[in-house]
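Topology and contacts: notes
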Amino acid sequence: MVNEMYANFGEFIKEKRVEKKITLREMASKLGVSAPFLTDVEKNRRNSFDIDKLNKIAVILELSEDEKELMLDLAGRTRDQIAPDLPEYIMERDYVSSALRTARDLDAGEEEWKQFVEELKRRKG
């Protein structure tokens with residue numbers, strides 16, 4: 001779920017922080033990092049945070065579930081990796097890797113994935 005509204009993770013964090021009227025120093029303090037470090041993250045000069053700090057950011061900025069997922073996707077892209085909330089899930093379930101490989105090998109498109117996700121959501125409730 002990538003959103004073209006934000007160029008990168010740092011831009012997303014900065015915009016949400018400013019929306020919540022949280023100063024850079026206040027945010028850095030809540031995260032346990034220095035203000036210059038947070039500045040570098042916001043200016044995309046440093047990689048995004050680890051999953052624990054990302055979860056903390058979601059709480060501090062009161063992100064909706066969709067906003068949190070977007071933040072995680074952007075954080076992964078900053079590192080040229082998948083979103084940091086997914087590797088453990090994938091690694092613990094062989095069938096997920098198998099499903100991803102099958103989808104890759106069959107060149108599954110966006111519509112097929114959307115149908116798959118909708119089917120899973122219907123089962124949820």
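For the structure itself, consult the block above.
Let me begin by describing the structure that accompanies this report. (Residues numbered from 1 in each chain as written. Predicted model: local features only at pLDDT ≥ 70, side-chain atom pairs only at ≥ 80, totals over all residues. Heavy atoms only, no water.)

Looking at a nonpolar patch on the surface
A grouping of Leu100, Trp113, Phe116, Val117 and Leu120 is seen on the molecular surface, where their side chains present a nonpolar patch of about 420 Å² in accessible area. Leu120 sits in the partly exposed class, given a relative accessible area of 41%. (Patch = residues over 30% accessible without salt bridge, like charges linked within 9 Å, V, L, I, M, F, W, Y side chains within 5 Å. Areas by Shrake-Rupley, 256 points an atom, 1.4 Å probe, with all protein chains shown as cover. Salt bridge = Lys/Arg side-chain N within 4 Å of Asp/Glu carboxyl O. Buried < 20%, exposed > 50% of the residue type's maximum accessible area, 1.4 Å probe, protein only.)

Considerations on helix H4 (residues 51-60)
For H4, the full list of buried residues reads Leu54, Ile57, Ala58 and Ile60. Along the long axis of H4, the arc covered by the buried residues comes to 165°, so they all point the same way. For H4, exposure combined with an orientation more than 90 degrees from the buried face picks out Asp52 and Val59. Taken together, the buried residues of H4 touch helix H1 (9-19), helix H2 (24-31) and helix H5 (65-78). Capping the start of H4, Asp50 holds a side-chain oxygen 3.2 Å from the backbone nitrogen of Asp52, two or three residues further along. Taken from the residues just after H4, Glu62 is the one with a positive phi, measuring 50°. (Helix = DSSP H or I, 4+ residues; strand = E, 2+ residues; numbered from the N terminus. Arc of directions from axis to C-beta. Contact = heavy atoms within 4.5 Å. Polar contact = N/O pair within 3.5 Å; in protein donor to acceptor, adjacent residues only side chain to side chain.)

A look at the packing of aromatic side chains
The full count for this structure, using the stated rule, is four aromatic pairs. When the ring of Tyr6 is compared with that of Phe12, the centres are 4.9 Å apart and the planes differ by 80°; the resulting orientation is edge-to-face. In this structure, Tyr6 and Phe12 share a single accessibility class: buried. Relative to Phe116, the ring of Trp113 has its centre 5.7 Å away and its plane inclined at 85°; by these criteria the two rings are edge-to-face. Linking Trp113 with Phe116, this pair stays in helix H8 (residues 110-124), spanning three residues, or about one helical turn. Here Trp113 falls in the partly exposed class, since its relative accessible area comes to 32%. The class for Phe116 is partly exposed, based on a relative accessible area of 43%. A network of ring pairs unites the aromatic residues Phe9, Phe37 and Phe49 as a single cluster. (Phe/Tyr/Trp six-rings, centres within 6.5 Å; stacked < 30°, edge-to-face > 60°.)

Considerations on the pattern of salt bridges
Applying the stated criterion across every chain, the model contains twelve salt bridges. For Arg104, the salt bridge is made with Asp105, and the minimal N-O distance between the two is 3.1 Å. With respect to burial, Arg104 and Asp105 carry one shared label: exposed. A cluster of three or more residues bridged by salt bridges with shared partners is formed by Lys16, Glu19 and Glu67.

Keep in mind that these numbers describe shape and distance, not what the molecule does.
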